[in-house]
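What the coordinates show
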Amino acid sequence: DVKVTQSSRYLVKRTGEKVFLECVQDMDHENMFWYRQDPGLGLRLIYFSYDVKMKEKGDIPEGYSVSREKKERFSLILESASTNQTSMYLCASRGWSKEGDTQYFGPGTRLTVL
Amino acid sequence: QKEVEQDPGPLSVPEGAIVSLNCTYSNSAFQYFMWYRQYSRKGPELLMYTYSSGNKEDGRFTAQVDKSSKYISLFIRDSQPSDSATYLCAMSSTNFGNEKLTFGTGTRLTIIP
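Quick caveat, the model's predicted, so the values are computed rather than measured. (Residues numbered from 1 in each chain as written. Chains lettered and ligands numbered in written order. Predicted model: local features only at pLDDT ≥ 70, side-chain atom pairs only at ≥ 80, totals over all residues. Heavy atoms only, no water.)

1. Let's talk about the sheet that holds strand E8 (residues 73-78) of chain A
Hydrogen bonds along the backbone pair up the strands of a sheet, which may run parallel or antiparallel. Residues and elements named next belong to chain A. For the record, the criterion: Whether two strands pair comes down to DSSP finding at least two bridges between them. Helical segments are the DSSP runs of H or I of at least four residues, strand segments are the runs of E of at least two, and each set is numbered from the N terminus. An axis is simply a line fitted to the C-alpha atoms; with a helix, the fit covers only the stretch in contact. Between two such axes, the angle follows the N-to-C directions and lies from 0 to 180 degrees.
Reading across the sheet, the four strands line up as E1-E3-E8-E7 and stay open at both edges, with antiparallel pairing between neighbours. Sheet topology places strand E1 (4-6) and strand E7 (64-70) at the edges, where each strand pairs with a single neighbour. Within this sheet the neighbouring strands show an average axis-to-axis angle of 20°, counted without direction.

And the structure:
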């Protein structure tokens with residue numbers, strides 16, 4: 001089974017802090033994604049990466065950056081956290097499995113910025 | 001207009017009922033269709049994956065795609081309280097890994113014992 005893990009389930013930070021969210025997948029997938037999920041807005045893509053050291057902006061990249069130094073690891077960075085970044089953050093990797101080619105999600109990190 | 005429209009619910013049905021969840025979409029290039037189930041405070045998990053038009057059945061779940069109407073459905077037979085979750089539809093035009101999926105906003109379903 002595909003396994004995607006995220007470094008924290010719950011995180012509380014203060015405005016202005018630098019925040020790192022880490023994601024690791026064990027299926028050797030090339031493609032990894034970061035989303036945020038908010039009530040009524042659904043999943044919104046922040047950034048994705050299709051290879052090591054490669055990154056592409058998603059729909060809402062402002063205020064975020066990413067890092068992919070190793071294939072299995074994809075980090076989301078909030079350079080200076082703000083209260084409007086309070087959200088559920090979901091990492092996903094995409095690749096082939098018996099179900100087909102699709103995305104597999106981690107458990108999520110619920111971030112609160114005070 | 002959003003590319004994918006999904007009624008957010010909430011939808012409440014009694015245990016044992018048949019549940020129908022739906023999405024409509026506007027992009028005729030979509031060919032790959034997925035349903036994810038997301039329990040409260042968890043990440044979405046893949047439930048069904050289909051290609052092009054037709055039906056796919058897996059246990060109590062049936063996914064249906066009607067590309068001519070740009071309409072997809074997920075049916076749950078003999079619904080159980082454990083089916084209470086948010087269901088998200090997702091779709092893409094290719095199966096290339098670097099193409100992002102387009103998601104619906106999700107339908108919140110509650111099965112009443």
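Alright, that's what it looks like, and here's the rest.
2. Structural notes on the pattern of salt bridges
Pairing between side chains of opposite charge can happen when their charged atoms approach one another. Heads up, the rule is: Definition used for salt bridges: Asp or Glu carboxyl oxygen within 4 Å of a side-chain nitrogen of Lys or Arg. Classification of residues uses two cut-offs on accessible area relative to the type maximum, computed with a 1.4 Å probe and protein chains only: under 20% is buried, over 50% is exposed, and between them is partly exposed.
Tallied over the entire structure, the rule returns 10 salt bridges over all chains. The closest approach of N and O atoms between Asp38 of chain A and Arg44 of chain A, which form a salt bridge, is 2.9 Å. Assessed through its relative accessible area of 13%, Asp38 of chain A is described here as buried. In this structure, the salt-bridge partner of Arg60 of chain B is Asp83 of chain B, at a minimum N-O distance of 2.8 Å. Residue Arg60 of chain B is found in the loop between strand E6 (54-58) and strand E7 (61-66), and its partner Asp83 of chain B is found in the loop between strand E8 (71-76) and strand E9 (85-92); the two are separated by 23 residues along the sequence. Here the salt bridges do not stand alone but share partners, grouping Arg36, Asp38 and Arg44 of chain A into one network.

3. Let's talk about the sheet that holds E8 of chain B
Residues and elements named next belong to chain B. The strand order E1-E3-E8-E7-E6 describes an open sheet built from five strands, whose pairing is antiparallel. Two strands in the sheet have a free side with no partner beyond their single neighbour: strand E1 (4-6) and E6. The sheet shows a mean angle of 15° between the axes of neighbouring strands, taken without regard to direction. Here E7 runs beside E8; their pairing, made up of six bridges, is antiparallel. In the sheet register, Gln64 faces E8, and the bridge partner there is Ser73.

4. Focus on the interface of chain B and chain A
Applicable threshold: Residues are treated as being in contact if the distance between any of their heavy atoms lies within 4.5 Å. Note on definitions: buried area is the accessible-area loss of two parts on being combined, 1.4 Å probe, summed for both. By the criterion applied in these results, polar contacts are pairs of N or O atoms within 3.5 Å in which, for protein atoms, one can donate a hydrogen and the other can accept it, and in which residues neighboring in sequence qualify only through two side-chain atoms. Three classes are used: nonpolar for Ala, Val, Leu, Ile, Met, Phe, Trp, Tyr, Cys and Pro, charged for Asp, Glu, Lys and Arg, and polar for all others, with Gly counted as polar.
The interface is formed by 22 residues belonging to chain B together with 28 residues belonging to chain A. With both chains or domains summed, chain B and chain A bury close to 1900 Å², and 54% of this area falls on carbon and sulfur atoms. Seen at the junction of chain B and chain A, the total is one salt bridge. Taken together, the connections running from chain B to chain A amount to five residue pairs in polar contact (both at pLDDT 80 or more). Of all the secondary structure elements, the ones that give two or more residues to the side of chain B that touches chain A are strand E4 (32-38), strand E5 (45-51) and E9 of chain B. For the side of chain B that touches chain A, the element with the highest residue contribution is E4 of chain B, accounting for three residues. Along the lines of polarity and charge, the residues of the side of chain B that touches chain A split into nine nonpolar, eight polar and five charged.

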